[in-house]
Amino acid sequence: DYPGPVLSSHNRWMVQVPRLWRIYYKKGGRAQSAEEEKRSFQGMLENLFCPIIEATLRPEENPEIAELLTHIVGFDSVDDEGAAEEPCDCTRPLEWTQEKNPAYCWQLYYLWANIEVLNVLRKSRGLNTFAFRPHAGETGDTMHLAATYMLCPCIAHGINLDRQVSLQYLYYLDQVGLSISP
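The rules behind the values
Residues numbered from 1 in each chain as written. Predicted model: local features only at pLDDT ≥ 70, side-chain atom pairs only at ≥ 80, totals over all residues. Heavy atoms only, no water. Pairing = 2+ DSSP bridges. Helix = DSSP H or I, 4+ residues; strand = E, 2+ residues; numbered from the N terminus. Salt bridge = Lys/Arg side-chain N within 4 Å of Asp/Glu carboxyl O. Buried < 20%, exposed > 50% of the residue type's maximum accessible area, 1.4 Å probe, protein only. Right-handed = clockwise from strand over helix to strand, strands pointing away. Polar contact = N/O pair within 3.5 Å; in protein donor to acceptor, adjacent residues only side chain to side chain. Core = buried A, V, L, I, M, F, W, Y, C linked by side-chain atoms within 4.5 Å. Contact = heavy atoms within 4.5 Å.

Attention now moves to the sheet that holds strand 6 (residues 177-179). Read from one edge of the open sheet, three strands run 4-5-6, paired in parallel fashion. On the outer flanks of this sheet lie strand 4 (135-136) and strand 6, each paired with one strand and no other. Bridge count for strand 5 (residues 154-157) against strand 6 is three bridges, and the pairing is parallel. Its bridge partner being in strand 6, isoleucine 155 is matched across the sheet by leucine 178.

This part is about the pattern of salt bridges. Evaluation of the coordinates by the stated rule reveals four salt bridges. With a shortest N-O distance of 3.3 Å, glutamate 99 and lysine 26 are connected by a salt bridge. On the criterion of sequence distance, the pair formed by glutamate 99 in the loop between strand 2 (72-78) and helix 5 (104-124) and lysine 26 in helix 1 (residues 21-26) is long-range, its members being 73 residues apart. Glutamate 99 gets classed as partly exposed once you look at its relative accessible area, which sits at 36%. For arginine 58, the salt bridge is made with glutamate 54, and the minimal N-O distance between the two is 2.7 Å. The partly exposed category is assigned to glutamate 54, whose relative accessible area is 33%. A single network of salt bridges, built from pairs that share partners, joins Glu54, Arg58 and Glu61.

Pairing analysis gives two bridges linking strand 4 to strand 5, with the strands arranged parallel. Within strand 5, the position partnered with alanine 136 by the bridge is histidine 157. Assessed by its sense of winding, the connection that carries the chain from strand 4 through helix 6 (residues 142-151) to strand 5 is right-handed. A crossover connection joins strand 5 to the parallel strand 6 through helix 7 (residues 165-173); in handedness this β-α-β unit is right-handed.

Strand order across the open sheet formed by three strands is 1-2-3, with parallel pairing between neighbours. Every other strand in the sheet has two partners, leaving strand 1 (13-18) and strand 3 (131-132) as the edge strands with one partner each. As paired elements, strand 1 and strand 2 share six bridges and run parallel to each other. Residue pairing across strands places methionine 14 opposite glycine 74, the latter belonging to strand 2.

With that settled, consider helix 6. Residues His144, Leu145, Ala146, Ala147, Thr148 and Leu151 constitute the buried set of helix 6. Regarding helix 6, its N-cap is aspartate 141, as a side-chain oxygen of that residue lies 2.6 Å from the backbone nitrogen of methionine 143 further along.

A few words on the nonpolar core. Inside soluble globular proteins, nonpolar side chains tend to come together where they are buried. Judged by nonpolar contacts, the single largest core of 33 residues is most densely connected at Phe41, Phe49, Phe75, Phe132 and Leu145. Breaking this core down by element, the ones donating at least two residues are helix 3 (41-57), strand 2, helix 5, helix 6 and helix 7. With seven residues, the single largest contributor to this core is helix 5. In contact with phenylalanine 41, not counting residues within four places along its chain, are Trp21, Pro93, Trp96, Pro102, Trp106, Gln107 and Tyr110.

Printed below as a string of structure tokens:
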């Protein structure tokens, strides 16, 4: 039955977006041509954000998604931060068609940018907006924490801030929220 057993006035949901480009890239699609089969990071972003934008623009045509969006409070981005990644560069999402994972901060920026556009649209329509609370600082490069400092009002983890005193101080001064559990 709609809206289903997962929705409750007492629960709120976070959407976890795995930074698993290398897996998405390997998955075959049902493409009709070689050009359709060519995967890009832009395609992955569109798979995530286009249905949400459509439900925001036309809730009467997407009532289930529109209702679900009222129960979502934010987006998380999660993966093994310690996994190898490419260095950050200026490649556009449409041009990222290689199998290797793009840099953490590059992926984070494009997720953040899409969430920002979505939030402006939703706010203009009097709808709830979404926080961006990615996993960062559990393992991996210190630049992950620098990127989240610039883009996010709060993060999950931040455990490695104790190894980078200057970033720890910036997080403290700006009161960037940390969600940490033992």
